[in-house]
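Architecture at a glance
Residues per chain are reported as follows:
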Amino acid sequence: MPVLRHTLLALLLLAAAPLQAQLSGPPAGGPTGQFLGPPTGNAGDFLGVWSMTWDGPMGTNCPCRGSLTIFVDNNGDLRGTWKTNGPGATLSGSVGYNQNVWTGRFAQPDDADFPIRGHFRLEARGERSVTGSYQPDGTAIPFSWSGTRL
């Protein structure tokens, strides 16, 4: 009888082994399961001069207008100069894996009366337009901005 029990137990373990082999692990492509294929955008879509409009805090008479010139710096990251009626700002950051989102920091020069610093996000919408948001440091709400290529 003990031999029969051991034989049955061995058969059960052998039958369960293929079931365990069929269990899948985490999805391929990272924690989200998104396939990591080739980039879908082109960082070059950001380069050039853009006519920008943006929202701002209450009392700033926005939507505001200005220009943004984007170029590649010596480190291979994107850099921009944001010209407005007041002091301009410098933007710097990197482009995401899909090459269609540029994120980073912006800052006005220290010689401005009240220099503003913060972070931004811009998404290329083809070769002719960008949309995104910027958020000055110390604020809780981001402001939208968008642009078209000049």
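Residues numbered from 1 in each chain as written. Predicted model: local features only at pLDDT ≥ 70, side-chain atom pairs only at ≥ 80, totals over all residues. Heavy atoms only, no water.

Time to look at the sheet that holds strand 5 (residues 101–107). Neighbouring strands of a sheet are bound in pairs by backbone hydrogen bonds; such pairs are parallel or else antiparallel. The strand order around the closed barrel formed by eight strands is 1-2-3-4-5-6-7-8, and the pairing between neighbours is antiparallel. Here the strands of the sheet are splayed against their neighbours by 30° on average, with no regard to which way each runs. (Pairing = 2+ DSSP bridges. Helix = DSSP H or I, 4+ residues; strand = E, 2+ residues; numbered from the N terminus. Axes fitted to C-alpha atoms, helices over the stretch in contact; angles between N-to-C directions.)

Across all of its chains, the model carries three salt bridges by this definition. We note a salt bridge from Arg-105 to Asp-137, for which the minimum N-O separation is 2.8 Å. Within this pair, whereas Arg-105 is found in strand 5, its partner Asp-137 is found in the loop between strand 7 (129–136) and strand 8 (143–149), the two being separated by 32 residues in sequence. Assessed through its relative accessible area of 42%, Arg-105 is described here as partly exposed. For Asp-137, a relative accessible area of 42% translates into the label partly exposed. Two residues, Glu-123 and Arg-121, come together in a salt bridge whose shortest N-O distance is 3.3 Å. The exposure class assigned to Arg-121 is partly exposed, which follows from its relative accessible area of 35%. Each of Arg-121, Glu-123 and Arg-125 takes part in a single network of salt bridges with overlapping partners. (Salt bridge = Lys/Arg side-chain N within 4 Å of Asp/Glu carboxyl O. Buried < 20%, exposed > 50% of the residue type's maximum accessible area, 1.4 Å probe, protein only.)

Attention now moves to unusual backbone geometry. Of note, Gln-99 is a non-glycine position whose phi angle comes to about 65°, a positive value. Judged by its relative accessible area of 25%, Gln-99 falls in the partly exposed class.

Core analysis: the biggest nonpolar cluster contains 20 residues, and Leu-68 and Trp-145 have the highest contact counts within it. Looking at this core, the elements with two or more residues in it are strand 1 (48–54), strand 2 (64–72), strand 3 (78–83), strand 4 (89–95), strand 5, strand 6 (117–124), strand 7 and strand 8. Once residues within four sequence positions are removed from consideration, Leu-68 is found in contact with Gly-48, Val-49, Trp-50, Met-52, Gly-80, Thr-81, Trp-82, Leu-91, Leu-122 and Trp-145. (Core = buried A, V, L, I, M, F, W, Y, C linked by side-chain atoms within 4.5 Å. Contact = heavy atoms within 4.5 Å.)

Tallied over the full model, the rule gives 10 aromatic pairs. For the ring pair Trp-54 and Trp-82, a centre distance of 5.1 Å and an interplane angle of 80° mean the geometry is edge-to-face. Taken together, the positions of Trp-54 in strand 1 and Trp-82 in strand 3 put the pair 28 residues apart, joining distant regions of the chain. Each of the two residues, Trp-54 as well as Trp-82, counts as buried. Here the aromatic rings of Tyr-134 and Phe-143 are separated by 5.6 Å at their centres, their planes lie at 35°, and the arrangement is tilted. (Phe/Tyr/Trp six-rings, centres within 6.5 Å; stacked < 30°, edge-to-face > 60°.)

Once that is clear, we can look at the side chain of Arg-149. Looking at the secondary structure, you find Arg-149 in strand 8. Buried charge without a salt bridge: Arg-149, with Asp-45 as the nearest opposite-charge side chain at an N-O distance of 5.3 Å. At a separation of 2.4 Å, a polar atom in the side chain of Arg-149 contacts the main-chain carbonyl oxygen of Leu-47. A distance of 2.7 Å separates a polar atom in the side chain of Arg-149 from the backbone oxygen of Glu-127. In this structure, Arg-149 is in contact with Gly-44, Asp-45, Phe-46, Leu-47, Gly-48, Val-49, Trp-50, Glu-127 and Arg-128, ignoring residues within four places of it in sequence. (Lys, Arg positive; Asp, Glu negative; His and termini not counted. Polar contact = N/O pair within 3.5 Å; in protein donor to acceptor, adjacent residues only side chain to side chain.)

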